[in-house]
Amino acid sequence: MLKILLAILTGLVGAGLLHLVIILALPYYSERDAYSRVLREGPSFEFHVLGPGRDPAGLGRTDPFLDIAVCAFDLDEGPVQLTASGEVPFWSLATFDAASNETFSINDRTAVDDALDVILATPVQATRLRKAQAPTLAQSIIVETQQTQGYAVLRAMAPQASFRPQTSEFLNGAGCLPLSTAPQTSR
């Protein structure tokens, strides 16, 4: 009788642990993660400005003082250059891999001339860029990442309603474009 109770108890504990593992693993396998939501915003390699409420992808601006834009990218197609400039009180950029792990961040206080100019690349792509020594990329910050898929979140502060046109112009003018790794040659 004791062996039967022990077997039943072991089965119940095992089933409970299995259910717990499944429940904890659901967000990882779900299509509701941040990367999937950013992909549903629109085409990759383009910043998409988020509105004040949640959109059909489930993303939205939750802080009334920050305007936000997101961009999905894939480094398998080559390095990606993230750019933006303009007169805003504060901006910040964070990049994430497809699992939503932050891979890099910068803000206007740490950028050159308060302008955003970041190139995301795999280690091999970054080496090619450094060897090419293109003068147009001299001020760019080259960020190496092992993960090829990810997304960038660009935020611009609007402490008062009168700043909204500036932040809107800043975010709408931001670039998230593939960069050719071919060396530029002059003739």
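Preceding this section is the structure that the text describes.
Residues numbered from 1 in each chain as written. Predicted model: local features only at pLDDT ≥ 70, side-chain atom pairs only at ≥ 80, totals over all residues. Heavy atoms only, no water.

A closer look at the sheet that holds strand β7 (residues 141–144)
How we decide: For two strands to be treated as a pair, DSSP must find at least two bridges joining them. Here a helix means four or more residues in a row that DSSP labels H or I, a strand means two or more in a row labelled E, and each is numbered from the N terminus. Every axis corresponds to a line fitted to the C-alpha atoms, with the helix fit spanning only the stretch in contact, and the corresponding angles, defined between N-to-C directions, vary from 0 to 180 degrees. Any two residues whose heavy atoms approach within 4.5 Å at even a single point are treated as in contact.
The mixed open sheet is built from four strands, whose spatial order is β7-β6-β3-β9. The two strands at the open ends of the sheet, each matched to only one other strand, are β7 and β9 (175–178). If you compare each strand with its neighbour and ignore which way they point, the axes differ by 20° on average. Two strands pair when backbone bridges link them, and strand β3 (residues 80–84) and β9 are joined in this way by four bridges, in the antiparallel orientation. Looking at β9, one finds that valine 80 is bridged to proline 178. Helix α3 (residues 123–132) rests against β6 (116–121) and β7 of the sheet, and its axis sits at about 155° to β7.

Here we look at the sheet that holds strand β5 (residues 102–107)
If you trace the five strands from one edge of the open sheet to the other, you get β1-β2-β8-β4-β5, paired in antiparallel fashion. This sheet does not close on itself; its edge strands, each paired only once, are β1 (48–49) and β5. Summarising the sheet, strand β4 (residues 91–97) and β5 pair through five bridges and their orientation is antiparallel. Residue threonine 95 lies in a different strand from β5, and its bridge partner there is phenylalanine 104.

A look at the side chain of threonine 95
Spelled out, the test is: A 3.5 Å cut-off defines polar contacts: any pair of N or O atoms within that distance qualifies, except that in protein one atom must be a possible hydrogen donor and the other a possible acceptor, and neighbouring residues in sequence count only when both atoms are side-chain atoms.
Along the chain, threonine 95 falls in strand β4. Of note is the side chain of threonine 95, whose polar atom sits 2.7 Å from the side chain of threonine 103. When neighbours within four sequence positions are excluded, threonine 95 is seen to be in contact with Leu82, Asn101, Glu102, Thr103, Phe104, Leu120, Tyr151 and Ala152.

Focus: the packing of aromatic side chains
What counts is decided by this rule: Stacked, tilted and edge-to-face are the three classes assigned to paired rings of Phe, Tyr and Trp, where Trp is represented by its six-membered ring and a pair needs centres within 6.5 Å; plane angles under 30 degrees give stacked, over 60 edge-to-face, the rest tilted.
Scanning the entire structure with this criterion turns up three aromatic pairs. One aromatic cluster is present, formed by Tyr35, Phe96 and Tyr151 through successive ring pairs.

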